[in-house]
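Close look at the chain arrangement
The residues making up each chain are set out below.
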Amino acid sequence: MTESTHAAPADTDLTALLSSRIRDVADYPKPGIVFKDITPLLADPAAFSAMTGEFIRIGRELGATKVVGLEARGFILAAPVAVSGGFGFVPVRKAGKLPGEVYAVSYQLEYGEAVLEIHQDSFQPGDRVLIVDDVLATGGTAAAALQAIGECGAQTVGVAVLLELSFLPGRARLAKESPVLPVKSLLTV
């Protein structure tokens, strides 16, 4: 793809385009939850391209050399950013999904604990990493990814998400982990 296919519209146009392609699904996955379904956005080439272009712009602005995608929807968003933006792509996966030597990081969920893993050899000295994901909610997954990236010897230069749930403490949690880390949200609800 050429650079011009990823030119983002003006901020208000981008916000309107992306917002119009995210569907609210009531009571999913359980009663009382309003799930933000991004599949209509992914199915729309103009919206998907505009979102990808904005993530590329953020990565370049922050001097990223690699993009990390968080399992699972983060893979869908981060991979085209890496390919089209000229960055390397590194998956951060749930425990037991990666072969070879990994760093594992445990983190707290609302009701329990989870483990993320990353290949120990994912980065080269001097790599600058942009974490890309679909939603920033409580910040647990992104905070665990920050730790795993640090274990590998790379520097995280920012976190970029499609949607930030401002009524949850994700941004505050990331600020505790790294007070100067830029957190960029394309949409905030």
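Relevant structure appears above.
Residues numbered from 1 in each chain as written. Predicted model: local features only at pLDDT ≥ 70, side-chain atom pairs only at ≥ 80, totals over all residues. Heavy atoms only, no water.

With that out of the way, let us pick up the overall build of the chain. Along the chain, the regular secondary structure elements total 6 helices and 9 strands. A principal-axis box enclosing the C-alpha atoms of the chain has dimensions of 45 × 40 × 30 Å. Taking all 189 residues of the chain together, 44% fall into the buried category. Taking as baseline every contact in the chain between residues at least 6 positions apart, the subset at least 24 positions apart corresponds to 64%. For the chain, the exposed area adds up to about 9300 Å²; of that, 56% sits on carbon and sulfur atoms. The distance from the centre of the 16 positive side-chain charges to the centre of the 21 negative ones in the chain is 1 Å. (Helix = DSSP H or I, 4+ residues; strand = E, 2+ residues; numbered from the N terminus. Buried < 20%, exposed > 50% of the residue type's maximum accessible area, 1.4 Å probe, protein only. Contact = heavy atoms within 4.5 Å. Areas by Shrake-Rupley, 256 points an atom, 1.4 Å probe, with all protein chains shown as cover. Lys, Arg positive; Asp, Glu negative; His and termini not counted. Charge placed at Lys NZ, Arg CZ, Asp CG, Glu CD.)

On to the packing of helix α3 (residues 45–61) against helix α4 (residues 73–85). The geometry of α3 relative to α4 is characterised by a closest axis approach of 9 Å and an angle of 65° between their N-to-C directions. The two elements α3 and α4 cross, and the hand of that crossing is right-handed. Touching F48, M51, T52, F55, I56 and R60 of α3 are I76, L77, P80, V81, S84 and G85, all from α4. Tallied by class, the residues present in the contact of α3 with α4 amount to 8 nonpolar, 3 polar and 1 charged. (Axes fitted to C-alpha atoms, helices over the stretch in contact; angles between N-to-C directions. Left-handed = near helix turned anticlockwise from the far one by under 90°. Nonpolar A, V, L, I, M, F, W, Y, C, P; charged D, E, K, R; others polar.)

The next thing to look at is the sheet that holds strand β8 (residues 155–164). Spatially, the 7 strands line up as an open sheet ordered β5-β6-β4-β3-β7-β8-β9, and their pairing is mixed. Looking at which strands have only one partner, the edges of the open sheet turn out to be β5 (102–109) and β9 (183–188). The average angle at which neighbouring strand axes cross in this sheet is 25°, direction not considered. Here 5 bridges tie strand β3 (residues 66–70) to strand β4 (residues 88–94), and the two strands are oriented parallel to one another. Directly across from V67, in β4, lies its bridge partner F89. Each of β3, β5, β6 (112–119), β7 (128–136) and β8 touches helix α5 (residues 140–151); the most contacted strand, β5, lies at about 155° to it. (Pairing = 2+ DSSP bridges.)

As a further point, take a nonpolar patch on the surface. A cluster of nonpolar side chains, contributed by F167, L168 and V189, occupies part of the molecular surface with about 280 Å² of accessible area. Within the secondary structure, V189 is located in the segment after β9. A residue is classified by how much of its surface remains accessible, and V189, at 39% relative accessible area, is partly exposed. (Patch = residues over 30% accessible without salt bridge, like charges linked within 9 Å, V, L, I, M, F, W, Y side chains within 5 Å. Salt bridge = Lys/Arg side-chain N within 4 Å of Asp/Glu carboxyl O.)

Overall, the coordinates contain 2 aromatic pairs when judged by the stated rule. Their ring planes at 80° and their centres at 5.2 Å tell us that Y28 and F35 sit as a pair that is edge-to-face. A relative accessible area of 46% means that Y28 is categorised as partly exposed. (Phe/Tyr/Trp six-rings, centres within 6.5 Å; stacked < 30°, edge-to-face > 60°.)

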